[in-house]
Amino acid sequence: MPRTSGSTIANFLLAAVVTVASLLAVEYLLLPVWSTGSTDRELALLGFVATPNSLVDDTRINGQGFTGAELTRYEPATGTRRLLTLGGSALFNRRMTERMTEAWAPVFPVDIEVVGGALRTHTTRASLIKLEQHFADYYFDYVLIYHAINDLWASNVPKEDFREDYSHLDPWYRRSGLLNDYLVARYSYNLLSGRAGVFPRENSNAADFASLATFEQNMRQLVDIVVDKGGVPVLMTFAWHIPENYTLRKFRRYELGYNNPEHYDECPVELWGEPAFIREGMTRSNDIVRRIAREYQLPLIDLEQSLSADIENFGDVVHLSEIGTDRLIEVVGSRLVELEATRIDPDS
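In this numbering scheme, every chain counts its residues from 1 along its sequence in written order. Residues qualify for local features only when their pLDDT is at least 70, as the model is predicted, and side-chain atom pairs are given and counted only at 80 or more; totals for whole chains, interfaces and linings, by contrast, use all residues. Hydrogens are left out, water is left out, and the side-chain values use all remaining heavy atoms of the structure.

A. Local environment of the pattern of salt bridges. Should a side-chain nitrogen of Lys or Arg be within 4 Å of a carboxyl oxygen of Asp or Glu, the pair is scored as a salt bridge. Following the criterion strictly, the structure yields 26 salt bridges and no others. When the shortest N-O distance is used, the salt bridge between Glu27 and Arg41 registers 2.5 Å. In this pair, Glu27 sits in helix α1 (residues 6-36) while Arg41 sits in helix α2 (residues 41-46), placing the two residues 14 residues apart along the sequence. Categorising residues by exposure relies on relative accessible area from a 1.4 Å probe, with only protein chains included: less than 20% of the type maximum marks a residue as buried, more than 50% marks it as exposed, and the intermediate range marks it as partly exposed. In this structure Glu27 comes out as buried when scored by relative accessible area, which is 6%. Take Arg41: its relative accessible area is 17%, and that puts it in the buried class. As a salt-bridge pair, Arg220 and Glu295 come within 2.9 Å of each other at their nearest N and O atoms. With Arg220 in helix α8 (residues 210-228) and Glu295 in helix α10 (residues 275-296), this pair connects stretches of sequence that are 75 residues apart. Each of Arg94, Arg99, Glu262, Glu322 and Asp326 takes part in a single network of salt bridges with overlapping partners. What counts as a helix is a DSSP run of H or I of at least four residues, what counts as a strand is a run of E of at least two, and both are numbered from the N terminus.

Structure below.
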């Protein structure tokens, strides 16, 4: 048999070293920078973040990929209450986190820091992933949970295509040890999955409200995680308004009375599903939230009751108007001040 020459072995080793070095560069430098604009692999692996230090419309994204305060890990600041919001665009739009901080700081009995974990298109599953993979390293006194309509969106697929982890919507929802830890694996999987996280606009509720069971399960898990860490979960029913005379044509012709003269993040009901499906789904989702609050004896802020009747509060079915944003912040802030007044610190 012919012997392998020394130069052949050397070339093989060099190629192996170059390959490994290239993979490491892609894994630790190129993919993090490409996906988040920074070398933070944790954020890149999380996926459910905005681009750090960027501007989304008029909302500033902080260096950690969310809105509001940038926080140190594990320990709460002495004499300060830390609040985390979890939800979608309805709790993100119109500089929601900044306005919460501005409105609540003067009336709160102690200093507060508000972190906006709510980002556009996010579901209870996205919030669960964030809470387990990222926010587990942080302490929060209160966690405000505001979800419903984006979870309903997950039912708009044939029943056989529905997945409880919502991976039929977006490959980022699929989690495993390999996908959680390696960007090369994550982006290879995302590319091969053929899904791009686009709202499905066909097969409205073809899965027959299958997402409601997942919604309830995820909400309960969110509550359990917050309670286990010593925080207070604050549940909120979802405010929404679909006029009785709603049609897509009237929506596009601005004939329904929504209060959105600037047409900010303006979306028809059909983005999430047919109106009849959304009406029933929102009602059932809010009933689930109320039931969980009763069973766990948790604070509940019934925003459906407080805001939904007045179309002036809405720019579309769920996105709030300027005045609706102010009213939500006022209602939630008043309840938080009440909760703080009755709070007993474990170290006191």
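Structure's up, so let's keep going.
B. Region of interest: a nonpolar patch on the surface. Here a patch means residues that are over 30% exposed by relative accessible area and free of salt bridges, tied together within 9 Å if like-charged and within 5 Å if nonpolar (Val, Leu, Ile, Met, Phe, Trp, Tyr). Note on areas: these come from Shrake-Rupley sampling with a 1.4 Å probe, and a residue is covered only by the protein chains present in the view. Residues Val20, Leu24, Tyr28, Leu29 and Leu30 make up a contiguous nonpolar surface patch of about 490 Å² in total accessible area. Along the chain, Leu24 falls in helix α1. Residue classification places Leu24 among the partly exposed positions, given a relative accessible area of 46%.

C. Just the sheet that holds strand β5 (residues 111-116), in detail. When DSSP finds at least two bridges between two strands, those strands are taken to pair. Taken together, six strands build an open sheet; the order of strands is β3-β5-β4-β6-β7-β8 and the sheet is mixed. The sheet terminates laterally at β3 (67-68) and β8 (300-301), the two strands that pair on one side only. Seen against the sheet, helix α12 (residues 322-341) touches β4 (80-87), β6 (142-146), β7 (232-236) and β8 and runs at an angle of roughly 145° to β6. Contacts between residues were defined by any pair of non-hydrogen atoms, one from each residue, lying within 4.5 Å. Simply put, an axis is a line fit to the C-alpha atoms, just over the touching stretch for a helix, and the angle between two N-to-C directions goes from 0 to 180 degrees.

D. Spatial organisation of the packing of helix α4 (residues 124-133) against α8. At a minimum axis distance of 9 Å, the contact between α4 and α8 shows a crossing angle of 25°. By the criterion of interaxial angle, the relationship of α4 to α8 is roughly parallel. Once α4 is placed against α8, the crossing between them reads as left-handed. Residues Thr124, Arg125, Ser127, Leu128, Leu131 and Glu132 of α4 pack against Phe215, Asn218, Met219, Gln221, Leu222, Ile225 and Val226 of α8. By definition in this entry, angles of less than 35 degrees are roughly parallel, angles greater than 145 are roughly antiparallel, angles of 65 to 115 are roughly perpendicular, and the rest are oblique. Crossing handedness is read from the near helix: turned anticlockwise from the far helix by less than a right angle, it gives a left-handed crossing, and turned clockwise, a right-handed one.

E. View of the environment of Leu222. Structurally, Leu222 is set in helix α8. On the basis of relative accessible area, Leu222 is assigned to the buried category, the value being 0%. Setting aside residues no more than four positions away along its own chain, Leu222 makes contact with Leu86, Thr124, Ser127, Leu128, Leu131 and Ile145.

F. Looking closely at the nonpolar core. Remark: nonpolar core denotes a set of buried residues (Ala, Val, Leu, Ile, Met, Phe, Trp, Tyr, Cys) joined through side-chain atoms within 4.5 Å. Residues Trp104, Leu328 and Leu336 are the most contacted members of the largest nonpolar core, which totals 95 residues. Here the element with the most residues in this core is α10; it accounts for seven residues. Excluding anything up to four places from it in sequence, Leu328 contacts Leu91, Met96, Met100, Tyr146, Leu303, Leu307 and Leu320.

G. Highlighting the packing of aromatic side chains. Paired rings are identified among Phe, Tyr and Trp, the last through its six-membered ring, by centres lying within 6.5 Å, and are further divided according to the angle between planes into stacked (under 30 degrees), edge-to-face (over 60) and tilted (the rest). Following the criterion strictly, the structure yields 13 aromatic pairs and no others. When the centroid spacing of 5.2 Å and the interplanar angle of 75° are considered together, the rings of Trp34 and Tyr187 count as edge-to-face. Residue Trp34 is located in helix α1, and its partner Tyr187 is located in helix α7 (residues 183-193); the two are separated by 153 residues in the primary sequence. Under the relative-accessibility criterion, Trp34 is labelled exposed at 62%. Here, a charge over a ring is recorded when the distance from Lys NZ or Arg CZ to the ring centre is within 6 Å and its angle to the ring normal is within 35 degrees. The cationic tip of Arg41 hangs over the ring face of Tyr28; the distance from NZ or CZ to the ring centre is 4.4 Å.

H. Layout of the pairing of β4. Across the eight residues of β4, eight count as buried, placing the element largely inside the fold. Residues Thr80, Arg82, Leu84 and Leu86 point to one face of β4 and Arg81, Leu83, Thr85 and Gly87 to the other, with burial holding for every one of them. Sheet topology note: the β4/β5 ladder contains six bridges and is parallel. Paired with Arg82 across the bridge in β5 is Glu113.

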